[in-house]
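Coordinate analysis (summary)
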Amino acid sequence: MAFIRWRGNCAQLLATVYEGGRGRQLTLTTLRGHYAQPDEREHVAARFPHLQVDWQAVDAVLAKGQPVTSAQVPSAHLDWAAIEHQLRELAERARPQLPRDASKLLQAAEVLTWWRAGRPYFLLPPKGGGQSPPAP
C-alpha cells in the first residue's frame, strides 16, 4: 500500500516492498504541493503496475496538507479532493461510450486539482474593504 511522506513543501508517494524477507521503501513519485497531477498518476501506474495505489486516500492526505501546517489548509480542500476523485471515476466509466463527456469530467477534476494547489481568487477577501465571501 502506498503512503505519503512530507519533505518540505513536497510530498513523496512511497510504498514498502519486501525482497528476501526484508522491507524497503520505494519512492513512486514526488508530488508538488497539495495535489497529485493526472500525469503523475499515469506515471506511477505505468512504472509500477504491480502496486495498487488508493488515490482517494492519497488525495485526502494531500488535501489535509503537512501535519505542521494542516490548520492553514481550508477544510473545503478535503471536500474538493473527494469530488475530484468521484469525477475521475465517472470519467473512466464514461470513456468507452461517452469520450467527450469523459474529457469534460477530467477537465472539471483538474480545476479542483488546481484549486487545491493554490487558493482560488474568489476565496480571497475583496479589495476595497467590502464584505468577505462566505466560508465554504
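You'll find the structure just up there.
Since the model is a prediction, treat every value here as computed from it, not as a measurement. (Residues numbered from 1 in each chain as written. Predicted model: local features only at pLDDT ≥ 70, side-chain atom pairs only at ≥ 80, totals over all residues. Heavy atoms only, no water.)

Quick word on the overall build of the protein chain
Tallying secondary structure elements over the protein chain gives four helices and three strands in all. When its helices and strands are written in sequence order, the protein chain yields β-β-β-α-α-α-α. Looking at the protein chain as a whole, 36% of its 136 residues qualify as buried. Considering only residue pairs separated by 6 or more positions, the protein chain has 43% of its internal contacts joining residues 24 or more positions apart. Split by element, the accessible area of the protein chain, about 8,900 Å² in all, is 54% carbon and sulfur. (Helix = DSSP H or I, 4+ residues; strand = E, 2+ residues; numbered from the N terminus. Buried < 20%, exposed > 50% of the residue type's maximum accessible area, 1.4 Å probe, protein only. Contact = heavy atoms within 4.5 Å. Areas by Shrake-Rupley, 256 points an atom, 1.4 Å probe, with all protein chains shown as cover.)

Digging into the pairing of strand E1 (residues 2-7)
Burial along E1 is one-sided: Ala2, Ile4 and Trp6 are buried, and none of Phe3, Arg5 and Arg7, which face the opposite way, are. In the sheet, E1 pairs with strand E2 (residues 10-19) via six bridges, with the strands oriented antiparallel. Bridge pairing in E2 places Arg7 opposite Cys10. (Pairing = 2+ DSSP bridges.)

Topic: helix H1 (residues 38-47)
Of all the positions in H1, only Pro38, Glu40, Arg41 and Val44 are classed as buried. For H1, the angular spread of the buried residues around the axis is 165 degrees, confining them to a single face. The outward face of H1, more than 90 degrees from its buried face, is lined by the exposed residues Glu42, Ala46 and Arg47. (Arc of directions from axis to C-beta.)

Concerning helix H4 (residues 99-117)
An ideal rise of 1.5 Å per residue puts 27 Å on 19 residues; H4 measures up with 27 Å between its terminal C-alpha atoms. Within the span of H4, buried status applies to Ala102, Ala109, Leu112, Thr113 and Arg116. Buried residues along H4 cover an arc of 105 degrees about the axis, so they all sit on one side. (Expected span 1.5 Å × (residues − 1).)

Some thoughts on the nonpolar core
Membership of the largest hydrophobic core comes to 17 residues, with the highest contact counts inside it found for Ile4, Leu13, Leu28, Val53 and Val58. Sorting the residues of this core by element identifies E1, E2, strand E3 (22-32) and helix H2 (55-64) as the ones contributing at least two each. Of the residues forming this core, the biggest block, four residues, is contributed by E2. Aside from chain neighbours lying at most four places away, what touches Leu13 is Ala2, Phe3, Ile4, Leu26, Thr27, Leu28, Thr29, Leu31, Val44, Val53, Trp55 and Val58. (Core = buried A, V, L, I, M, F, W, Y, C linked by side-chain atoms within 4.5 Å.)

Describing the environment of Leu62
Mapped onto the fold, Leu62 is located in helix H2. For the pair Leu62 and Cys10, spaced 52 residues apart in sequence, the C-alpha separation works out to 9.8 Å.

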